[in-house]
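So you can see what is in the structure, the chains are spelled out below.
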Amino acid sequence: VPAGTALVLARLPLEKISECLSELCAVQVLALKKVCLDGGTAAGRGHWGQWPGPGPAAAAMSSEPEIWPVLSETLNKHSADNRIVERCCRCLRFAVRCVGKGSAALLQPLVTQMVNVYREHQHSCFLYLGSILVDEYGMEEGCRQGLLDMLQALCIPTFQLLEQPNGLQNHPDTVDDLFRLAARFIQRSPVTLLRSQVMIPILQWAIAATTLDHRDANCSVMKFLRDLIHTGVANDHEEDFEVRKELINQVMTQLGQQLVNQLLQTCCFCLPPYTLPDVAEVLWEIMQIDRPTFCRWLENSLKGLPKETTGGAIQVTHKQLTDFHKQVTSAEECKQVCWALRDFTRLFR
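Residues numbered from 1 in each chain as written. Predicted model: local features only at pLDDT ≥ 70, side-chain atom pairs only at ≥ 80, totals over all residues. Heavy atoms only, no water.

Participant: Would you mind showing me how to read the overall build of the chain here?
Facilitator: When helices and strands are counted, the chain shows 18 helices and 0 strands. Counting only residues that meet the buried cut, the chain has 50% of its 349 residues in that class. Partitioning the intrachain contacts of the chain with sequence separation of at least 6 by distance along the chain shows that 73% fall at a separation of at least 24. Here the chain has roughly 16300 Å² of accessible surface; of this, 51% comes from carbon and sulfur atoms. (Helix = DSSP H or I, 4+ residues; strand = E, 2+ residues; numbered from the N terminus. Buried < 20%, exposed > 50% of the residue type's maximum accessible area, 1.4 Å probe, protein only. Contact = heavy atoms within 4.5 Å. Areas by Shrake-Rupley, 256 points an atom, 1.4 Å probe, with all protein chains shown as cover.)

So, in structure tokens, the structure goes:
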């Protein structure tokens, strides 16, 4: 019913939309207040996200101040209930997407509450909502520091959660949403993240998470790594290119060898074959930064692979190692790296 009503409202004159939308929202806001007091919730998608253009979205801004207080109250009252919190975050996500920059007044109180609740209850939907905020506001100069503060605050309990025994395996949704958030930062404001103190810890966790055999989580990790490294060569006409290039070089100097080691071990012993194209893209991006250095890193990584099985049988010959090294380092397209990986990893399966 709300979705159908929203479509009807979208066809009204702009001056009528705000008034009608407020009346429509009031019905659900009052019901939500009541069930909150009763210990339940009706938080859901609401009506945002149905609007087809900027005019109705602007009219929708008038109802946002009415909705936020009751969602805020719901988050506080039911902060331990993952289902309710997810629905609140979904509603807020559509509100932010619909109103866009017009919801800037909501940003500070929303981020503050997200961080406060997340410290106590690590619902990964807050990380996902954070990625939406970065996507919408990350290119706004006045918002970047606040968004970075949000990321750093969210990372503290996230890292503590992942440090628990089998933390990565037990919390794949958290891994997925954390690296969606980090990838959005790289896309929207790379220099802000690259200069921050949280950059190296995030990359270290990304390296650790490459071994995670979970389709969505592993895909998010690989996409973050690919986008991160690509930032050092992308858009070389932009003013910040030299800064980005230097910052990426610093990061890779510190952790590049470790990353290549882990990717190779992961391909051979941890991940199913369908993940190889994603790994190949990361290796390809590393080569675009500094091919000679990558050649040395790959050689060192190959030396660290076991050459025999536990029974003493030869698993991989010296010629197979050198052939693989040559195929990868001389590749002119990413798909050639992927083909080489497929053939090489079969030796270990």
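Text resumes after the structure shown.
Participant: What am I meant to see in helix 13 (residues 215-230) here?
Facilitator: Because each turn of an α-helix spans 3.6 residues, side chains separated by three or four positions in sequence point in the same direction. The end-to-end C-alpha distance of helix 13 is 22 Å, a good match for the 22 Å that 16 residues give at a rise of 1.5 Å each. Looking at helix 13, one finds that the buried residues are Ala217, Asn218, Ser220, Val221, Met222, Phe224, Leu225, Arg226, Asp227, Leu228 and Ile229. If you follow the buried residues of helix 13, they end up packed against helix 10 (172-188), helix 11 (190-194), helix 12 (199-209), helix 14 (241-269) and helix 15 (276-289). (Expected span 1.5 Å × (residues − 1).)

Participant: Looking at this structure, I do not really get the packing of helix 6 (residues 104-120) against helix 7 (residues 125-137). What am I missing?
Facilitator: Geometrically, a packed helix pair is captured by the angle between its two axes and the distance between the axes. Between helix 6 and helix 7, the shortest axis-to-axis distance is 11 Å and the interhelical angle comes to 155°. In terms of orientation, helix 6 lies roughly antiparallel with respect to helix 7. Handedness of the helix 6/helix 7 crossing: left-handed. Every residue of helix 7 that contacts helix 6 at Ala104, Leu107, Leu110, Val111, Met114, Val117 and Tyr118 is listed here: Phe126, Leu127, Leu129, Gly130, Leu133 and Tyr137. The class makeup of the residues in the contact of helix 6 with helix 7 is 12 nonpolar, 1 polar and no charged. (Axes fitted to C-alpha atoms, helices over the stretch in contact; angles between N-to-C directions. Parallel < 35°, antiparallel > 145°, perpendicular 65-115°, else oblique. Left-handed = near helix turned anticlockwise from the far one by under 90°. Nonpolar A, V, L, I, M, F, W, Y, C, P; charged D, E, K, R; others polar.)

Participant: How should the pattern of salt bridges be read in this particular structure?
Facilitator: Any two side chains of opposite charge can pair, on the condition that their charged atoms come close. Inspection of every chain in the model, using the stated rule, returns 13 salt bridges. Across the pair Arg244 and Glu238 runs a salt bridge, and its minimum N-O distance is 3.7 Å. Judged by its relative accessible area of 37%, Glu238 is partly exposed. One continuous salt-bridge network, built from bridges that share partners, spans Arg97, Asp135, Glu136, Arg184 and Arg188. (Salt bridge = Lys/Arg side-chain N within 4 Å of Asp/Glu carboxyl O.)

Participant: Can you walk me through the environment of Thr293 in this structure?
Facilitator: With respect to the helices and strands, Thr293 occurs in helix 16 (residues 291-303). Relative accessible area serves as the criterion here: at 13%, Thr293 is assigned to the buried category. Once the C-alpha coordinates of Thr293 and Gly256 are considered, the two residues, 37 residues apart in sequence, prove to be 9.3 Å apart. Polar contacts involving the side chain of Thr293 include one to the side chain of Asp290, which spans 2.7 Å. (Polar contact = N/O pair within 3.5 Å; in protein donor to acceptor, adjacent residues only side chain to side chain.)

Participant: Is there a simple way to think about the confidence of the model for the chain in this case?
Facilitator: Atomic detail in the predicted coordinates should be set aside for any region of low pLDDT. Taken residue by residue, the chain gives an average pLDDT of 87. The fraction at 70 or more is 82%. For the chain, the element scoring lowest by mean pLDDT is helix 3 (residues 54-60), at 45; helix 12 scores highest, at 98. With pLDDT under 50 throughout, residues 40-63 is counted as low confidence; its partners more than four residues away or in other chains account for 63 contacts. (pLDDT = per-residue confidence, 0-100.)

Participant: Please clarify how the packing of aromatic side chains should be interpreted in this entry.
Facilitator: In this description, a pair of aromatic rings is defined by centroid distance and the angle of the planes. According to the stated counting rule, one finds 6 aromatic pairs in the structure shown. Pairing Phe324 with Phe344 gives two aromatic rings, centres 4.2 Å apart and planes at 10°, and the pair type is stacked. With a gap of 20 residues between them, Phe324 in helix 17 (residues 318-329) and Phe344 in helix 18 (residues 334-345) connect regions that are remote in the sequence. Three or more aromatic residues joined by ring pairs form one cluster here, namely Phe269, Phe324, Phe344 and Phe348. The residue whose ring lies beneath Arg93 is Phe94, and the NZ or CZ to ring-centre distance is 4.6 Å. (Phe/Tyr/Trp six-rings, centres within 6.5 Å; stacked < 30°, edge-to-face > 60°. Lys NZ or Arg CZ within 6 Å of the ring centre and 35° of its normal.)

Participant: Help me understand the layout of surface pockets, please; the structure alone is not making it clear to me.
Facilitator: To locate leftover empty space, one rolls a probe as large as a water molecule over the atoms. Considering only enclosed or pocket space, the largest pocket measures out at about 380 Å³ in volume. Sorting the residues of the lining of the largest pocket by element identifies helix 8 (141-162), helix 10, helix 11 and helix 13 as the ones contributing at least two each. Residue classes in the lining of the largest pocket are distributed as 5 nonpolar, 6 polar and 7 charged. (1 Å grid on protein atoms, 1.4 Å probe; cavity = no way out; pocket = protein on both sides within 12 Å on 5 of 7 lines; lining within 4 Å. Points joined across faces, edges and corners; volume = space filled by probe spheres on them.)

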